[in-house]
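Each chain is listed here by its residues.
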Amino acid sequence: IISFVFFPQLYHTFSWLTEHLPGPHKKFLTSYTFLCSFIKKEIKNHEERGTPEEPQDFIDYYLAQIDKSKDDPNSTFDEKNMMSSIVDLFIGGTESTATGLRWSLMTVVMHPGIQEKVQKELDDVLGPNESIGYEDRKKLPYTNAVVHELQRYSCIVPVGVPRQCVKDTNLVGFPVPKGTIVLPNIFSVLSDPDQWETPRRFNLNHFLDKDGNFVKREAFLLFSAGHRVCLGERLARTELFIFLASLLRSFTFKLPEGVKEINRELILGGLLQPHPYKICAVPR
Ligand code: HEM
């Protein structure tokens, strides 16, 4: 997992160096080659069946765009860029949300009272056969606060994607010359004592006011900010809310018999991963 997530960043930023070094990036390169050949096959399938009038997915749209801009010498739409974009979506879009959910379930198990309160809110607000949608978060302030605090507390992307400054600039009084590589320290924002009452403790008051209403927090920069903010932010927020709420509505999560606690130590990589753990999902 680490090789798949961390090394793409390192590889793209310092490719001249990593190519000459032994290490786990070799495993990444094998996975990368596998993923690329899978994507190439998909592109070929799309090309063979032709672009439908109503494009069905990303590859359809991209192929149509390549075709539209084929006479433009400055166009960046080509198969190589399409491949890179699909790889980015695979890497950014799978491990991140899955890791967020793994931390969330672990934390929920360690706080059974919170799990019960979420279940009560879901039972009180939603009808028994009603499926959960993202819009429901507005009627479920407690559940929404739990989903947010779980993400803040686990902070799975502690450092954003490396960016390079395209011109001399000034950032809150600090000169940043053109060419500087900038690594946004998201962890420091999500655990800033000036912003959060108890930065390193799970605390729902970070997202609830005294009347139990959900409070949006400007410092909740889980997905970074600015022009290159996470492209999948909306999708990730929707997935995390719906998956977690649906899971807690259907199951109560518990430690297996005889197990007292779960190892909360981090595995440090591009994403902060939990150690593998076992929990029981008891149908409600
Ligand atoms: C909990 C889930 C996720 C977290 C915490 C997260 C976080 C981030 C962060 C911090 C960045 C760096 C932004 C910057 O450089 O300033 C980023 C970039 C990105 N993310 Fe996510 N992400 C998540 C889920 C997703 C999903 C589901 C997708 C796509 C389906 C996705 C696609 C991307 C892409 C393509 C970029 C690069 C954007 C660019 O370079 O313009 N991410 N993400």
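- The name recorded for the chain in an unreviewed UniProt entry is CP2J2 protein, from Sphenodon punctatus.
- Annotation of the chain in UniProt includes, under Cofactor (unreviewed entry), the sentence "heme".

### A few points about the overall build of the chain
1) Next: From N to C terminus, the chain includes 9 helices and 8 strands.
2) Next: Counting only C-alpha atoms and orienting by the principal axes, one finds that the chain spans roughly 60 × 50 × 40 Å.
3) Next: In the chain, of all internal contacts separated by at least 6 residues, the share reaching a separation of at least 24 is 65%.
4) Next: When the 33 basic and 35 acidic side-chain charges of the chain are each reduced to a single mean position, those positions are 4 Å apart.

### Describing a nonpolar patch on the surface
1) Next: On the surface, a nonpolar cluster with roughly 330 Å² of combined accessible area is contributed by F58, L89 and L231.
2) Next: Examined against the element boundaries, L231 turns out to sit in the loop between α8 (186–190) and α9 (233–250).

### Considerations on the coordination of the iron atom of the ligand
In a perfect tetrahedron of four donors around a metal, the angles come out at 109.5 degrees. In a perfect octahedron of six, they are 90 or 180 degrees.
1) Next: Looking at the protein side alone, the iron atom of the ligand has one donor only, C230 (SG), at 2.3 Å.
2) Next: For C230, the location among the structural elements is in the loop between α8 and α9.

### Considering the packing of helix α3 (residues 25–49) against helix α5 (residues 79–110)
1) Next: Where α3 meets α5, the closest approach of the two axes is 10 Å, and the angle between their N-to-C directions is 120 degrees. In terms of orientation, α3 and α5 fall into the oblique class. Of the two elements, α3 crosses α5, and the hand of that crossing is right-handed. Contacts between α3 and α5 involve Y32, L35, C36, F38, I39, K40, I43 and E47 from the former and E79, M82, M83, I86, V87 and F90 from the latter.
2) Next: Looking at the contact of α3 with α5 residue by residue, the class counts come to 11 nonpolar, no polar and 3 charged.

### Overview of α9
1) Next: Helix length check: α9 (18 residues) gives 26 Å between terminal C-alpha atoms against 26 Å at 1.5 Å per residue, within 8%.
2) Next: Residues A236, E239, L240, F241, L244, A245, L248 and R249 constitute the buried set of α9.
3) Next: Each element contacted by the buried residues of α9 is listed here: α5, α6 (112–125), α7 (141–154) and β5 (251–254).

### Thoughts on the state of the cysteines
1) Next: In this structure the tally under the stated criterion is 0 disulfides.
2) Next: Just so you know, C155 is unpaired, no disulfide at all, and the nearest cysteine sulfur is the one on C230, 14 Å from it.
3) Next: Judged by its relative accessible area of 1%, C155 is buried.

### Details of the domain arrangement of the chain
In many analyses, interface size is given as the accessible surface area lost on bringing the parts together.
1) Next: Split by domain assignment, the chain resolves into domain 1 (1–77) and domain 2 (99–283).
2) Next: Spacing between the C-alpha centres of domain 1 and domain 2 amounts to 29 Å.

### Observations regarding the site of the ligand
1) Next: Within the structure, the ligand sits among 19 residues, and G92, R163, S224, R228 and C230 are positioned closest to it.
2) Next: A distance of 2.6 Å separates an oxygen atom of the ligand from a polar side-chain atom of S224.
3) Next: Residue assignment for the shell around the ligand shows that the elements contributing at least two residues are α5 and α9.
4) Next: With 4 residues, α5 is the largest single contributor of residues to the shell around the ligand.
5) Next: Split into classes, the residues belonging to the shell around the ligand amount to 11 nonpolar, 6 polar and 2 charged.

So, how was this worked out
- Residues numbered from 1 in each chain as written.
- Predicted model: local features only at pLDDT ≥ 70, side-chain atom pairs only at ≥ 80, totals over all residues.
- Heavy atoms only, no water.
- UniProt positions renumbered as here; feature names shortened; annotations may be inferred.
- Helix = DSSP H or I, 4+ residues; strand = E, 2+ residues; numbered from the N terminus.
- Contact = heavy atoms within 4.5 Å.
- Lys, Arg positive; Asp, Glu negative; His and termini not counted.
- Charge placed at Lys NZ, Arg CZ, Asp CG, Glu CD.
- Patch = residues over 30% accessible without salt bridge, like charges linked within 9 Å, V, L, I, M, F, W, Y side chains within 5 Å.
- Areas by Shrake-Rupley, 256 points an atom, 1.4 Å probe, with all protein chains shown as cover.
- Salt bridge = Lys/Arg side-chain N within 4 Å of Asp/Glu carboxyl O.
- Donors = N, O, S within 2.8 Å, 3.2 Å for Na, K, Ca; no water.
- Axes fitted to C-alpha atoms, helices over the stretch in contact; angles between N-to-C directions.
- Parallel < 35°, antiparallel > 145°, perpendicular 65-115°, else oblique.
- Left-handed = near helix turned anticlockwise from the far one by under 90°.
- Nonpolar A, V, L, I, M, F, W, Y, C, P; charged D, E, K, R; others polar.
- Expected span 1.5 Å × (residues − 1).
- Buried < 20%, exposed > 50% of the residue type's maximum accessible area, 1.4 Å probe, protein only.
- Disulfide = S-S within 2.5 Å.
- Domains from an automatic or database assignment.
- Near = heavy atom within 4 Å.
- Polar contact = N/O pair within 3.5 Å; in protein donor to acceptor, adjacent residues only side chain to side chain.

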